[in-house]
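Each chain is listed here by its residues.
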Amino acid sequence: VGELVRSIRNAVEVADCKVFATASNPQALAEAERRMREAGIRADCRLIENRGYDVGPFFEVLNRIDLSAFDYVVKLHTKRDLLGVVNCLPLMGASWRKKLLRFVSSPRCFAAALSLMECDSSIGAIGHGNLVLGVAYDYSGIDWRKVEAALLTLGLKHPCLREGNF
């Protein structure tokens, strides 16, 4: 929780941020609320069922807010020390988490990320290069009907994926 709170603090030092935090465990949510309060971070904290990995709670929050009120959406999430493979690279949770949080590792890094988005409207997302699936990624094995069904199950109001088209 401490690493995530420091990352959020770095973001709020640079920009006027509305912070939403989710957890599926009441004790974890209470701990996150306490730590953010101690760091001077105001957050809308919600207990949400853990379904859909890290994107389920994210979609649930997106469905509850007016997205037109925001210029940017930043999604931060913790990764436990589990082995994962992204872009054919094995990553342990701590390594994955450090890569995920690099753009908010300091106020300067977050300011640079925002500056990139402001200066180039063709940039739609910022993330560590090892974790981004590019256009060369082979999506041919994906059953898009299952993806849409999963999104509907997660409560996404308007599924945004169509076969072969993001």
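Keep in mind it's a predicted model, so treat the numbers as computed, not measured.

### What to know about the overall build of the protein
- Regarding its fold elements, the protein presents six helices and four strands.
- Across the protein, helices and strands are ordered from the amino to the carboxyl terminus as α-β-α-β-α-β-β-α-α-α.
- A total of 166 residues make up the protein; the buried ones form 29% of that total.
- When contacts within the protein are restricted to residue pairs at least 6 apart in sequence, those whose partners lie at least 24 apart make up 53%.

### Concerning the packing of aromatic side chains
- By the definition in use, this model includes three aromatic pairs.
- Seen in terms of ring centroids, Phe 58 and Phe 59 are 6.2 Å apart; in terms of plane orientation they differ by 35°. Their pairing is tilted.
- Its relative accessible area of 15% is what places Phe 59 among the buried residues.
- Taking NZ or CZ as reference, Lys 18 lies 5.4 Å from the ring centre of Phe 20, over its face.
- Its guanidinium or amino end placed over the ring of Phe 58, Lys 75 lies 5.7 Å from that ring's centre, counting from NZ or CZ.

### Re the nonpolar core
- With ten residues, the main nonpolar core is built from Val 5, Ile 8, Val 19, Ala 21, Ala 23, Leu 29, Ala 32, Met 36, Ile 41 and Cys 45.
- Membership of the second largest hydrophobic core comes to seven residues, among which are Leu 101, Phe 103, Phe 110 and Leu 114.

### Points about the layout of surface pockets
- The calculated volume of the second largest pocket comes to roughly 1,700 Å³.
- Lining the second largest pocket are 46 residues, and of these Phe 20, Ala 21, Thr 22, Leu 76 and His 77 sit closest to its centre.
- Residue assignment for the lining of the second largest pocket shows that the elements contributing at least two residues are α1 (2-14), β1 (19-23), α2 (26-38), α3 (55-64) and α5 (107-119).
- Residue composition of the lining of the second largest pocket, by class: 32 nonpolar, six polar and eight charged.

### Notes on α3
- Counting buried positions over the ten residues of α3 gives seven, a clear majority of the element.
- Every buried residue belonging to α3 is among Gly 56, Pro 57, Phe 59, Glu 60, Val 61, Leu 62 and Asn 63, and all of these are buried.

### Regarding the pattern of salt bridges
- Inspection of the entire model under this criterion finds seven salt bridges.
- In this structure, Arg 9 engages Glu 13 in a salt bridge whose closest nitrogen and oxygen atoms are separated by 3.8 Å. In this pair, Arg 9 and Glu 13 are both assigned in helix α1, four residues apart and thus about one turn of the helix distant.
- Glu 13 sits in the partly exposed class, given a relative accessible area of 49%.
- A salt bridge links Arg 46 to Asp 44; its shortest N-O distance comes to 2.8 Å.
- Given a relative accessible area of 16%, Arg 46 falls into the buried group.

### Looking at the side chain of Asn 10
- Note on placement: Asn 10 falls in helix α1.
- A distance of 3.2 Å separates a polar atom in the side chain of Asn 10 from the backbone oxygen of Ser 105.

### Examining the pairing of β1
- Side-chain alternation along β1 places Val 19, Ala 21 and Ala 23 on a buried face and Phe 20 and Thr 22 on a face that remains uncovered.
- When β1 meets strand β2 (residues 43-47), the two strands line up parallel, connected through five bridges. Pairing of Thr 22 across the sheet is with Arg 46, part of β2.

Each value, and the rule that gives it
All residue numbers refer to positions counted from 1 along the written sequence of the respective chain. Local features in a predicted model are, by the rule used here, given only for residues with pLDDT of at least 70; side-chain atom pairs are given and counted only at 80 or more, and totals for whole chains, interfaces and linings are based on all residues. To obtain the side-chain values, all non-hydrogen atoms of the structure were used and water was disregarded. Secondary structure is summarised from DSSP: a helix means a run of H or I of at least four residues, a strand means a run of E of at least two, and numbering begins at the N terminus for each. A simple rule labels every residue: compare its accessible area, found with a 1.4 Å probe on the protein chains alone, to the largest value its type can have, and call it buried under 20%, exposed over 50%, or partly exposed in between. Should any heavy atoms of two residues lie within 4.5 Å, those residues are counted as being in contact. Any two of the Phe, Tyr and Trp rings considered here, Trp counted by its six-membered ring, make a pair once their centres fall within 6.5 Å; the pair's planes then place it as stacked at under 30 degrees, edge-to-face at over 60, or tilted in between. Criterion for a charge above a ring: Lys NZ or Arg CZ within 6 Å of the ring centre, and within 35 degrees of the ring normal. In this description, a nonpolar core means a group of buried Ala, Val, Leu, Ile, Met, Phe, Trp, Tyr and Cys residues linked to one another through side-chain atoms lying within 4.5 Å. Whether a set of points on the 1 Å grid over the protein atoms alone is a cavity depends on a 1.4 Å probe fitting there but being unable to get out, while an open set qualifies as a pocket with protein on both sides within 12 Å along at least five of seven lines; lining residues are those with an atom within 4 Å of a point. Grid points are joined across faces, edges and corners, and a volume is the space filled by probe spheres set on the points. When residues are sorted by character, Ala, Val, Leu, Ile, Met, Phe, Trp, Tyr, Cys and Pro go into the nonpolar class, Asp, Glu, Lys and Arg into the charged class, and all the rest, Gly among them, into the polar class. Salt bridge criterion: a side-chain nitrogen from Lys or Arg within 4 Å of a carboxyl oxygen from Asp or Glu. Polar contact criterion, stated in full: a pair of N or O atoms within 3.5 Å, where within protein one must be able to donate a hydrogen and the other to accept it, and residues adjacent in sequence count only if both atoms are side-chain atoms. A strand pair is defined by DSSP finding two or more bridges across the two strands.

By themselves, these figures tell us nothing about what the structure is for.
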